[in-house]
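Notes for the structure review
What follows is each chain in one-letter form.
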Amino acid sequence: MKTVVQVKLLPTPGQASALAATLHACNEAADFVSRVAFERNVKSRNELQKLCYQAVKCEFGLSAQPAVRVVKKVVDAYTALRANIRVGNLGGVRSRRRINAESKPIAFRQWAAQPFDDCCLSWGLDARTVSIWTTAGRLKNVPFAGSPEQLVMLRAHRRGESDLVSRDGKWFLVATCEIPEKPQFEPIDWIGVDRGITNLATTSDLANFQGRRLQRYRRWHARKRAELQAKRTKSATRRAKRRARREQRHATHVNHKISKEIVAVAERTGRGVALEELHGIRDRVRLHRYQRATQSSWPFHQLERHITYKARRAGVPVLLVDARYTSQTCPRCKHTSRSNRPTRDSFSCRRCGLAGPADVVAAVNIRDRARRAWVLVNVPLPAAA
Ligand SMILES: [Zn+2]
């Protein structure tokens, strides 16, 4: 399966301006190729390359390999657009988004990422440097920062292209890695995971990932963002966007940490991971107004993707179970009622008296549903008569 490793480049100011000039030249060239593809309705990569190759090399100062990459980037962008239209992601035939997308060539932002293959980019993993082609010649020994795990991954599994990315004045390389999957094992039991607001994830083992500090951090960000948005100036909007991106990166980091830990425990104990199906997570709990902003922006889907993906790598089975009433059902006597939830965070069964934190009860219910579902899935089919 594919994964990516992102490392931060640490170029000198001179190297950084060479990288910037290169990115701009590649994207201007891509814009040109995109116009040709659109006007002549060329879909084939070979044909487009024949039409554009010379011009891209001479007019935009790209050498042979980057010119080929630019053409491929454009062809890939059109392929992706057609696929999106086909599955209806841009709406029906009459939707404005679709008409907009189909009526003009795809445009490439000045700072859009650019793929580099091994001819144009070589990695010195021991020295933590790269050598990279630019329009100002080849830059050698550009240092990068990477963790020991990232280096191990790059050394063992990096394949093919890496993207050069510039974000808020910083430079990154995003390398594609192809890693082997482990065969899925037969779980001896399940870990139920409940996703929620106060605690982002609570497991039926009583581990919970929260929470308070993170909530403060998100609330603080939300407030700062609102202040900036209220100003309505160009620079304030830009800073608000930057802040939103930073918050998003933080959320991704937290989701990585949570999913890593859950999957590691599952793998170590030979269990599978059970999650509730996500649609409806927002209306399952009633919230205060201040919570709504922070809660609805939490990437729960991303957490699910991280768990699923890490589980696949480790051979851990993942099961999605029906989320209905997981927070209102008593795990002991199965009595289901809204009044089992005297407050948002607590559970107290009206019939048998079982009481505890609501998210733990939900996680236990999710685990129990997975146990039942797995038995059903694994019942041998009756032999044909
Ligand atoms: Zn009960």
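As the structure is a computational prediction, the values presented were derived from the model and not from experiment. (Residues numbered from 1 in each chain as written. Predicted model: local features only at pLDDT ≥ 70, side-chain atom pairs only at ≥ 80, totals over all residues. Heavy atoms only, no water.)

A word on the overall build of the protein. Check the secondary structure of the protein and you find eleven helices and 14 strands. Its C-alpha atoms give the protein principal-axis dimensions of about 80 × 65 × 50 Å. Looking at the 385 residues of the protein, the share that counts as buried comes to 45%. When contacts within the protein are restricted to residue pairs at least 6 apart in sequence, those whose partners lie at least 24 apart make up 66%. Between the centroid of the 73 positive side chains of the protein and the centroid of its 32 negative side chains there is a distance of 7 Å. (Helix = DSSP H or I, 4+ residues; strand = E, 2+ residues; numbered from the N terminus. Buried < 20%, exposed > 50% of the residue type's maximum accessible area, 1.4 Å probe, protein only. Contact = heavy atoms within 4.5 Å. Lys, Arg positive; Asp, Glu negative; His and termini not counted. Charge placed at Lys NZ, Arg CZ, Asp CG, Glu CD.)

Each domain of the protein was delimited in the assignment, giving domain 1 (2-178) and domain 2 (190-209 + 251-377). Placing a centre on the C-alpha atoms of domain 1 and another on those of domain 2 gives a separation of 39 Å. (Domains from an automatic or database assignment.)

The next subject is the pairing of strand β1 (residues 2-9). Because side chains alternate across β1, one face comprises the buried residues T3, V5, V7 and L9, and the other comprises K2, V4, Q6 and K8, none of which is buried. In terms of strand pairing, β1 meets strand β5 (residues 137-145) through two bridges, oriented antiparallel. Bridging from a neighbouring strand, K8 pairs with A145 of β5. (Pairing = 2+ DSSP bridges.)

Turning to the coordination of the zinc ion, a few remarks are in order. Perfect tetrahedral coordination of a metal by four donors corresponds to 109.5 degrees between them, and perfect octahedral coordination by six donors corresponds to 90 or 180 degrees. At 2.2 to 2.3 Å from the zinc ion lie its protein donor atoms, namely C330 (SG), C333 (SG), C349 (SG) and C352 (SG). In this structure, the zinc ion is surrounded by four donor atoms whose angles at the metal cover 104 to 115°, and the resulting shape is tetrahedral. Overall, C349 belongs to the buried group, its relative accessible area being 4%. (Donors = N, O, S within 2.8 Å, 3.2 Å for Na, K, Ca; no water. Tetrahedral: all angles 85-135°; square planar, octahedral: opposite > 155°, others 65-115°.)

Let us now look at the sheet that holds strand β2 (residues 114-116). As summarised here, the arrangement of the seven strands in space is β2-β6-β7-β1-β5-β4-β3, forming an open sheet in which the pairing is antiparallel. On the outer flanks of this sheet lie β2 and β3 (121-124), each paired with one strand and no other. Each strand of the sheet is rotated relative to its neighbour by a mean of 35°, with strand direction disregarded. The sheet strands contacting helix α3 (residues 64-86) are β2, β4 (129-134) and β6 (158-167), and the helix crosses β2 at an angle near 130°. (Axes fitted to C-alpha atoms, helices over the stretch in contact; angles between N-to-C directions.)

The next point concerns a positive patch on the surface. Side chains of K8, K170, R246 and R249 sit close together on the surface and give a patch of like positive charge. With respect to the element layout, R246 can be found in helix α7 (residues 234-269). (Patch = residues over 30% accessible without salt bridge, like charges linked within 9 Å, V, L, I, M, F, W, Y side chains within 5 Å. Areas by Shrake-Rupley, 256 points an atom, 1.4 Å probe, with all protein chains shown as cover. Salt bridge = Lys/Arg side-chain N within 4 Å of Asp/Glu carboxyl O.)

All right, on to the packing of aromatic side chains then. Describing an aromatic ring pair means giving the distance of the ring centres and the angle of the ring planes. Taken as a whole, this structure holds four aromatic pairs when the rule is applied. Both rings, one in W123 and one in F144, keep their centres 5.5 Å apart while their planes meet at 80°; by these two values the pair is edge-to-face. One end of the pair, W123, is in strand β3; the other, F144, is in strand β5, with 21 residues separating them in the sequence. Residue classification places W123 among the buried positions, given a relative accessible area of 15%. What makes F144 buried here is its relative accessible area of 3%. On the numbers, 5.1 Å between centres and 65° between planes, the contact of W190 with W374 is edge-to-face. Of this pair, W190 sits in strand β8 (residues 189-195) while W374 sits in helix α11 (residues 358-378); the two residues are 184 residues apart in sequence, bridging distant segments of the chain. (Phe/Tyr/Trp six-rings, centres within 6.5 Å; stacked < 30°, edge-to-face > 60°.)

Further remarks concern the packing of helix α2 (residues 45-60) against α3. Where α2 meets α3, the closest approach of the two axes is 9 Å, and the angle between their N-to-C directions is 135°. On the basis of the axis angle, α2 is oblique to α3. The element α2 and its partner α3 pack so that their crossing is right-handed. Facing R45, L48, Q49, Y53, V56 and K57 of α2, the residues of α3 in contact are A64, A67, V68, R69, V71, K72, V74 and V75. Looking at side-chain class alone, the contact of α2 with α3 contains nine nonpolar, one polar and four charged residues. (Parallel < 35°, antiparallel > 145°, perpendicular 65-115°, else oblique. Left-handed = near helix turned anticlockwise from the far one by under 90°. Nonpolar A, V, L, I, M, F, W, Y, C, P; charged D, E, K, R; others polar.)

A water-sized probe, rolled over the atoms, reveals where empty space remains. Taken as a whole, this structure holds two cavities of 30 Å³ or more when the rule is applied. Estimated volume of the largest cavity: approximately 50 Å³. As for the largest cavity, its lining consists of A37, V42, K43, L48, V74, V75, Y78, T79 and R82. Of all the elements, α3 adds the most residues to the lining of the largest cavity, at five residues. Per-class residue counts for the lining of the largest cavity are six nonpolar, one polar and two charged. C26, P66, R69, Q114, P115, F116, C120 and W133 are the residues that line the second largest cavity. When residues of the lining of the second largest cavity are traced back to their parent elements, those giving at least two are α3 and β2. For the lining of the second largest cavity, the element with the most residues is β2, which contributes three residues. Of the residues assigned to the lining of the second largest cavity, the class counts are six nonpolar, one polar and one charged. (1 Å grid on protein atoms, 1.4 Å probe; cavity = no way out; pocket = protein on both sides within 12 Å on 5 of 7 lines; lining within 4 Å. Points joined across faces, edges and corners; volume = space filled by probe spheres on them.)

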